[in-house]
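What follows is each chain in one-letter form.
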Amino acid sequence: MTSASTPVRPAPAPAERPDDPPQPAPPAGRRGSRFDRSIVEGPLTPAVWKIAWPTMLTNIIGGLQGMVDHVLVGHLVGFNGNAAIGVAWQIFIVVIAFISSLFTGMGVLVARFAGANEPEQVDRTVYQAFITALALSLLVMAPLGYLSAPWLLDLVNAAPAVKAEALPFLRIMFVAGSGMMLFFMIGGALRAAGDARTPMVLGIAMTAMNLAFNVVFIRGLGPVPAYGTKGSAIGTAIASGIVGLYSVWKLWSGSWVVSFRRAHGFAPDWTIIRSLFRFGLPAGIQGIAMNVGGVLMLGFIGSLAQSAAAQAAFAVSYSQLFSLITWTSVGLMGAAAATAGQNLGAGRPDRAAEAVHVAARFGLMVAAVVGAAFALVPEALLGVFGMNEPAVLSIGAQLLRVLSVSGLFITVALAFTGGLQGAGDTRGPLYISIVSQVVLPLGVCFFIQRTGTLQPLHIWLAILGGHLTRAVLSVLRFRQGRWRQIRVDVGAKR
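Every value quoted in this text rests on a predicted model; they were computed, and no experiment measured them.

Caption draft 1: Representation of the environment of Ala149 within the structure. You can see Ala149 is positioned in helix H3 (residues 119-155). The contacts of Ala149, once residues within four sequence positions are left out, are Leu167, Leu170, Arg171 and Phe174.

Have a look at this one:
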């Protein structure tokens, strides 16, 4: 992988010292660069916030759109529909985690090359990630996902009524999910290159279209019948497909900070593709492991005495309401990754380290505010989703109160995970996630189930313990500092 390779060349900037005064942020495009150099020069907190807030806003709006889907389905279909969407999404995320691993590898390369002011390498990387992700989504995810959907739902012990609603939803997502893959890939490339506003605009547009389509297809309108739960999948597929096609056209036209350059040719570049998997595959395995853990956790939830009620409570409390914290934290994780990667590319590791701490502080503030609402008014939040059955309301409120604490730990864990991954250390977060998100919570549930009677609170506390462990291990791994010595090389273009 390093044969005939060209190492990243740091930008010609003097090394930072702790007593250096802050440097003024130069205007974008200075020194002939099309990248925003304020990420690697000038005040650091505004630089992190510049990348973080558009991503956070996009994720929150996307999360609210998912909540609207649950509200519509909950009122029209009932809590079985809520459970079906939650179970199907958990499975779908497991399957796409491998493809999404490419985006982490792509982000590592793009951020380093942008920080080193090497636009040719940035464009080469983005195009190779595009063709690889498209091939995997169309040739692997679509056929295998469609055929295996019934078995996957049986694996999570979906109740018969839940499975009937979830199966068509899941199959539509597998077959028509390539547009969503393109959106995630292109958004990740733009953010790694320092442009977080364009993905925000795309995300808001996709969410608006998704919401409009879902209202039509879930409820029915005019000649369009009411498709119920699967109408949510139809709307998502159409909206993401439109945005995906538009984004490819913009990349082809060359009007964004990243582009598809015809001079590079259109054939696969196996040196870059190997680098994508070198950095991305551990993140993909991490995503698969975590989400397999989530699927197995759903199996424990499905084994409870009130399985359908517990699955519905989990789908809304964890998959939807908790996303106000997790999606915000994912935005900060992306900001930490981009700023850390670019500053390493520019030869400024101390600045990269401080960027991660800035992102973690932002995350703690958000988690504290949202967690307070979880603890104080959980019943009111659940009532918005039409969850008025006493059993569902009681279990969901209990889960939200546990998550009000858990959110503080997961936001710190994700910020430091972003810093590690952005620097190219994708193996450390993999090992940490396997221990904290799979072995620990599942082991606790398995032990209790074998030695006593498993209750919902046991599962919720196991999730809390996993998040706490992940935060502690992520901080310790980052403080070891091994990420400072990671090199990013790809072959020179012939």
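Caption draft 2: Representation of the environment of Ala166 in the model. Counting through the fold element by element, Ala166 comes out in helix H4 (residues 160-175). For the pair Ala166 and Asn82, spaced 84 residues apart in the sequence, the C-alpha separation amounts to 9.5 Å. Each residue touching Ala166, except ones within four places of it in the same chain, is listed here: Ala84, Ala88 and Leu153.

Caption draft 3: View of the pattern of salt bridges. Inspection of the entire model under this criterion finds 7 salt bridges. In this structure, Lys50 and Asp36 form a salt bridge, with 3.0 Å as the shortest nitrogen-oxygen distance. Linking Lys50 in helix H1 (residues 44-76) with Asp36 in the loop between strand S1 (5-7) and H1, this pair joins segments that are 14 residues apart in sequence. On the accessibility criterion, Lys50 (32% relative accessible area) is partly exposed. Its relative accessible area of 17% is what places Asp36 among the buried residues.

Caption draft 4: Inspection of the packing of helix H13 (residues 390-422) against helix H15 (residues 456-480) at higher detail. Their axes nearest at 8 Å, the elements H13 and H15 cross at an angle of 15 degrees. Looking at the two axes, H13 sits roughly parallel to H15. Relative to H15, H13 is oriented so that their crossing is left-handed.

Caption draft 5: Inspection of a nonpolar patch on the surface at higher detail. On the surface, Val435, Leu468, Val472, Leu473 and Leu476 cluster together to form a nonpolar patch covering roughly 380 Å² of accessible area. If you tally residues by element for the nonpolar patch, the top one is H15, at 4 residues. For Val435, a relative accessible area of 41% gives the class partly exposed.

Caption draft 6: Spatial organisation of the confidence of the model for the protein. With 90% of its residues at a pLDDT of 70 or more, the protein shows a mean pLDDT of 84. Of all helices and strands in the protein, the one with the weakest mean pLDDT is S1 (36), whereas H15 scores best (96). Segment residues 1-31 is flagged for pLDDT under 50; beyond a separation of four residues in sequence, or across chains, it makes 58 contacts in the model.

Caption draft 7: Geometry of the environment of Leu382. Within the fold, Leu382 resides in helix H12 (residues 378-383). When the C-alpha positions of Leu382 and Leu321 are compared, they lie 8.7 Å apart, and in sequence the two are 61 residues distant. When residues no more than four places from it in sequence are discounted, the contact partners of Leu382 are Val316, Ser317, Leu321, Met387, Leu393, Gly396, Ala397 and Leu400.

Caption draft 8: Expanded view of the nonpolar core. Counting 111 residues, the largest nonpolar core has Ile91, Val258, Ile459 and Trp460 as the members making the most contacts within it. At 19 residues, the largest contribution of residues to this core is made by helix H2 (residues 79-115). Ignoring any residue separated from it by four or fewer positions in sequence, one finds Trp460 in contact with Ile301, Phe314, Ile395, Gln398, Leu399 and Val402. Counting 28 residues, the second-largest nonpolar core is a separate cluster that includes Ala338, Ala340, Ala359 and Phe362.

Rules used throughout
Residues numbered from 1 in each chain as written. Predicted model: local features only at pLDDT ≥ 70, side-chain atom pairs only at ≥ 80, totals over all residues. Heavy atoms only, no water. Helix = DSSP H or I, 4+ residues; strand = E, 2+ residues; numbered from the N terminus. Contact = heavy atoms within 4.5 Å. Salt bridge = Lys/Arg side-chain N within 4 Å of Asp/Glu carboxyl O. Buried < 20%, exposed > 50% of the residue type's maximum accessible area, 1.4 Å probe, protein only. Axes fitted to C-alpha atoms, helices over the stretch in contact; angles between N-to-C directions. Parallel < 35°, antiparallel > 145°, perpendicular 65-115°, else oblique. Left-handed = near helix turned anticlockwise from the far one by under 90°. Patch = residues over 30% accessible without salt bridge, like charges linked within 9 Å, V, L, I, M, F, W, Y side chains within 5 Å. Areas by Shrake-Rupley, 256 points an atom, 1.4 Å probe, with all protein chains shown as cover. pLDDT = per-residue confidence, 0-100. Core = buried A, V, L, I, M, F, W, Y, C linked by side-chain atoms within 4.5 Å.

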